[in-house]
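Here is how the chains run, residue by residue.
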Amino acid sequence: IFRVHGDSIRALCSERYGEREIAAWIAFRPPDAYRAAFSSRKLFVAEWQGQIVGFGQLDPRRGEIEACYVAPEAAGSGIGAALLGRMEEEARRQGHAVVRLNATLNAESFYARMGYRWLGRARHRVAEDIDLDCVRMEKALPRP
């Protein structure tokens, strides 16, 4: 998961974020942070040929999607959409009618295609002196 996260940020986010932001973003979440997330978050992975090629993280209490990343070699394959759909399904199962997220600037159009609507600008702190510009978005979940 750590490898996919870092590779995805480096390869897919460099057009919208600078080198300093990317380095801080990757350093913000060390490998142990993923293990710690298992106690309070729902993590989902996509595998292909025995390798993790995508992952997502949902806060089930708040119905907040906290991460949805795909390995650069798997970008555009539908893995991101499948992970997002699985997290939405889990949020609905947890009783949420709406799911929210902070989209990075490079992912805003992806989420818009997936039915998310723009709520406003947001910032995500990744270091004491570095905030990433993001977009706050939400999606109403269809009733089962």
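Every residue gets a number counted from 1 within its own chain, in the order that chain's sequence is written. Only residues with pLDDT of at least 70 are given local features in this predicted model, and only at 80 or more are side-chain atom pairs given and counted; all residues enter the totals for whole chains, interfaces and linings. Here the side-chain values reflect all heavy atoms present in the structure, with hydrogen atoms and water set aside.

**Focus: unusual backbone geometry**
Positive phi, close to 50 degrees, is recorded for Gln-49, a residue that is not glycine. Mapped onto the secondary structure, Gln-49 falls in the loop between β1 (42-48) and β2 (51-59). Helix and strand definitions follow DSSP, with helices as H or I runs of at least four residues and strands as E runs of at least two, each counted in order from the N terminus.

**Observations concerning helix α4 (residues 79-93)**
Helix span, as expected, comes to 1.5 Å for every residue beyond the first. Between the first and last C-alpha of α4 there are 21 Å, a value that for 15 residues agrees with the 21 Å anticipated at 1.5 Å per step. Between buried and exposed lies partly exposed: a residue is buried under 20% and exposed over 50% of the maximum accessible area for its type, with that area taken using a 1.4 Å probe on protein chains only. Along α4, the residues that are buried comprise Ile-79, Gly-80, Leu-83, Leu-84, Met-87, Glu-88, Glu-90 and Ala-91. By definition, residues are in contact when any of their heavy atoms lie within 4.5 Å. The elements touched by buried residues of α4 are β1, β2, β3 (64-70), β4 (98-104), α5 (108-113) and β6 (130-140). Taken from the residues just after α4, Gly-95 is the one with a positive phi, measuring 100 degrees.

**Description of the side chain of Glu-64**
Here Glu-64 shows up in strand β3. Exposure remark for Glu-64: the relative accessible area of 9% places this residue in the buried category. What Glu-64 contacts, discounting residues up to four positions off in sequence, is Gln-57, Leu-58, Asp-59, Arg-100, Leu-101, Asn-102 and Arg-136.

**Overview of the packing of aromatic side chains**
Planes of paired rings set the category: under 30 degrees apart is stacked, over 60 is edge-to-face and the rest tilted, where pairs are Phe, Tyr or Trp rings (Trp by its six-membered ring) whose centres lie within 6.5 Å. Under the counting rule described, the total for this entry stands at six aromatic pairs. For the pair Tyr-17 and Trp-25, a centre-to-centre distance of 5.2 Å together with 75 degrees between the ring planes defines the contact as edge-to-face. There is no split in this pair, since Tyr-17 and Trp-25 are both buried. An aromatic cluster is built from Phe-2, Tyr-34, Phe-55 and Tyr-69, whose rings are joined through pairwise contacts.

**Notes on the pairing of β2**
Across the nine residues of β2, seven count as buried, placing the element largely inside the fold. The rule for pairing is simple: two strands pair if DSSP sees at least two bridges between them. The pairing of β1 with β2 spans seven bridges and is classified as antiparallel. Looking across to β2, one finds that Ala-46 is bridged to Gly-54. The turn linking β1 back onto β2 is made up of two residues, and Gln-49 within it adopts a positive phi angle of 50 degrees. Summarising the sheet, β2 and β3 pair through six bridges and their orientation is antiparallel. Pairing of Gln-57 across the sheet is with Ala-67, part of β3. Remark: four residues form the turn of the hairpin made by β2 and β3, two consecutive strands paired antiparallel; Gly-63 in that turn has positive phi of roughly 65 degrees.

**Quick word on the nonpolar core**
As used in this record, nonpolar core signifies buried Ala, Val, Leu, Ile, Met, Phe, Trp, Tyr and Cys residues forming a set joined through side-chain atoms within 4.5 Å. Counting residues in each nonpolar core, the largest one holds 42 residues, and the members touching the most others are Trp-25, Ile-65, Tyr-111 and Tyr-116. Once you skip the residues sitting within four places of it in the chain, Ile-65 turns out to touch Gln-57, Leu-58, Leu-84, Met-87, Val-99, Arg-100, Leu-101 and Tyr-116.

**Let's talk about the packing of helix α1 (residues 2-12) against helix α2 (residues 19-28)**
Two elements in contact, α1 and α2, have axes separated by 10 Å at closest approach and are oriented at 170 degrees. Comparing their axes, α2 and α1 come out roughly antiparallel. Of the residues in α2, those touching α1 at His-5, Gly-6, Ile-9 and Arg-10 are Ile-22, Trp-25 and Ile-26. Classes in brief: Ala, Val, Leu, Ile, Met, Phe, Trp, Tyr, Cys and Pro nonpolar; Asp, Glu, Lys and Arg charged; the others, Gly included, polar. Here the residues of the contact of α1 with α2 are counted per class, giving four nonpolar, two polar and one charged. Comment: axis = line fitted to C-alpha atoms, over the contacting stretch for helices; angle = value between 0 and 180 degrees taken between N-to-C directions. Working rule for angles: under 35 degrees goes down as roughly parallel, over 145 as roughly antiparallel, 65 to 115 as roughly perpendicular, anything else as oblique.

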